[in-house]
Amino acid sequence: AQSVSQHNHHVILSEAASLELGCNYSYGGTVNLFWYVQYPGQHLQLLLKYFSGDPLVKGIKGFEAEFIKSKFSFNLRKPSVQWSDTAEYFCAVNAGTNAGKSTFGDGTTLTVKP
Amino acid sequence: KAGVTQTPRYLIKTRGQQVTLSCSPISGHRSVSWYQQTPGQGLQFLFEYFSETQRNKGNFPGRFSGRQFSNSRSEMNVSTLELGDSALYLCASSRAVGQGNTEAFFGQGTRLTVV
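Just so we're clear, the structure is a prediction, and the values are computed from it rather than from any experiment. (Residues numbered from 1 in each chain as written. Chains lettered and ligands numbered in written order. Predicted model: local features only at pLDDT ≥ 70, side-chain atom pairs only at ≥ 80, totals over all residues. Heavy atoms only, no water.)

(A) Spatial organisation of the layout of surface pockets. If you add up the space inside the largest pocket, you get close to 530 Å³. Taken together, 24 residues form the lining of the largest pocket, with A:Gln38, A:Glu88, B:Gln37, B:Leu88 and B:Arg111 sitting closest to its centre. By residue number, the principal contributor to the lining of the largest pocket is strand S10 (residues 87-95) of chain A, which donates three residues. When the residues that make up the lining of the largest pocket are grouped by side-chain class, the tally is seven nonpolar, 13 polar and four charged. Space inside the second largest pocket adds up to approximately 330 Å³. Taken together, 15 residues line the second largest pocket, and the ones lying closest to its centre are A:Lys101, A:Thr103, B:Gln44, B:Phe45 and B:Asn59. Looking at the lining of the second largest pocket, the element that brings in the most residues is strand S11 (residues 98-104) of chain A, giving five residues. For the lining of the second largest pocket, a count of residues per class yields five nonpolar, eight polar and two charged. (1 Å grid on protein atoms, 1.4 Å probe; cavity = no way out; pocket = protein on both sides within 12 Å on 5 of 7 lines; lining within 4 Å. Points joined across faces, edges and corners; volume = space filled by probe spheres on them. Helix = DSSP H or I, 4+ residues; strand = E, 2+ residues; numbered from the N terminus. Nonpolar A, V, L, I, M, F, W, Y, C, P; charged D, E, K, R; others polar.)

Following this line, the structure appears as structure tokens:
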């Protein structure tokens with residue numbers, strides 16, 4: 001069975017600080033990896049995704065993530081956060097042939113202080 | 001293009017009652033998945049439908065059921081409601097199942113409160 005572990009439950013940063021949120025998954029086969037963001041009062045939105053190819057993927061709003069297969073990791077990064085990045089971030093995985101069932105991590109709440 | 005639409009947005013029900021939630025996927029999307037989101041458990045997968053067939057099922061009791069219609073719209077039903085069923089129920093649609101290279105688009109959710 002798939003599982004996803006997000007190491008940080010709550011992260012507090014000041015504006016302009018760099019961000020890295022950890023995500024590790026457990027699955028032996030081909031996976032698709034995602035980061036979703038949920039801003040206060042809004043629905044889940046896709047930040048970025050990895051299916052194949054270049055392991056460094058870039059998403060919206062300056063976010064990027066690196067897939068390291070040997071470490072089963074897909075960490076999210078942003079060089080300089082803004083107050084508007086305050087949100088909850090979810091890492092998710094689904095199996096290469098089963099896109100309809102995704103397993104989500106518990107989420108990381110990011111608070112950016114102005 | 002219209003996003004995933006869930007109705008109603010909010011519901012208050014009494015223990016023991018049943019409830020039906022509705023989801024209209026993005027036009028052209030044939031896969032609809034349902035998730036339960038709670039502060040303590042995060043996002044938990046309920047089930048997924050494709051072409052009116054349940055393709056995947058999570059670890060929820062039989063009180064949770066769903067169906068999908070020929071126009072890809074989906075409903076989920078919870079019978080004999082318990083206090084612990086209070087949660088945000090999310091619907092997600094995607095283009096296809098089996099290709100693996102498609103992300104899920106989420107609706108706003110239905111906030112269910114059981115009293």
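(B) Structural context of the pairing of strand S7 (residues 64-68) of chain B. Residues and elements named next belong to chain B. By the bridge criterion, five bridges tie S7 to strand S8 (residues 74-78) in an arrangement that is antiparallel. Bridge pairing links Arg 67 to Glu 75 in S8. Connecting S7 to the next strand, S8, in antiparallel fashion are five residues, including Ser 72 with a positive phi near 75°. (Pairing = 2+ DSSP bridges.)

(C) How the structure looks around the environment of B:Phe105. Residues and elements named next belong to chain B. With respect to the secondary-structure elements, Phe 105 resides in strand S10 (residues 105-106). Each C-alpha atom, one on Phe 105 and one on Ile 26, is 8.1 Å from the other, the two residues being 79 residues apart in sequence. Phe 105 has contacts with Val 4, Ile 26, His 29, Cys 91, Ala 92 and Ser 93, leaving out every residue within four places of it along the chain. (Contact = heavy atoms within 4.5 Å.)

(D) Just the side chain of B:Gln36, in detail. Residue and element names in this part refer to chain B. Within the secondary structure, Gln 36 is located in strand S4 (residues 31-38). By relative accessible area, Gln 36 is classed as buried at 7%. One polar contact links Gln 36 to Tyr 89, side chain to side chain, over a distance of 3.0 Å. Contacts of Gln 36, omitting those with residues within four sequence positions, involve Gly 42, Leu 43, Gln 44, Leu 46, Phe 60, Phe 64, Gly 84, Asp 85, Ala 87, Leu 88 and Tyr 89. (Buried < 20%, exposed > 50% of the residue type's maximum accessible area, 1.4 Å probe, protein only. Polar contact = N/O pair within 3.5 Å; in protein donor to acceptor, adjacent residues only side chain to side chain.)

(E) Highlighting the state of the cysteines. Residue and element names in this part refer to chain A. A complete count under the given rule lists two disulfides over all chains for this structure. Paired by a disulfide, Cys 23 and Cys 91 hold their sulfur atoms 1.9 Å apart. Disulfide Cys 23-Cys 91: the torsion about the S-S bond is -65°, which places it as left-handed. Here Cys 23, found in strand S4 (residues 23-26), pairs with Cys 91, found in strand S10; they are 68 residues apart in sequence, far enough to count as distant. Here the two residues Cys 23 and Cys 91 agree in accessibility, since each one is buried. (Disulfide = S-S within 2.5 Å.)

(F) Summary view of the pattern of salt bridges. Per the stated rule, a full pass over the model turns up nine salt bridges over all chains. The salt bridge involving A:Lys58 is made with A:Glu64; its shortest N-O contact spans 2.9 Å. By relative accessible area, which is 64% here, A:Lys58 ends up exposed. Here B:Glu75 and B:Arg67 are joined by a salt bridge, their closest N and O atoms 3.2 Å apart. (Salt bridge = Lys/Arg side-chain N within 4 Å of Asp/Glu carboxyl O.)

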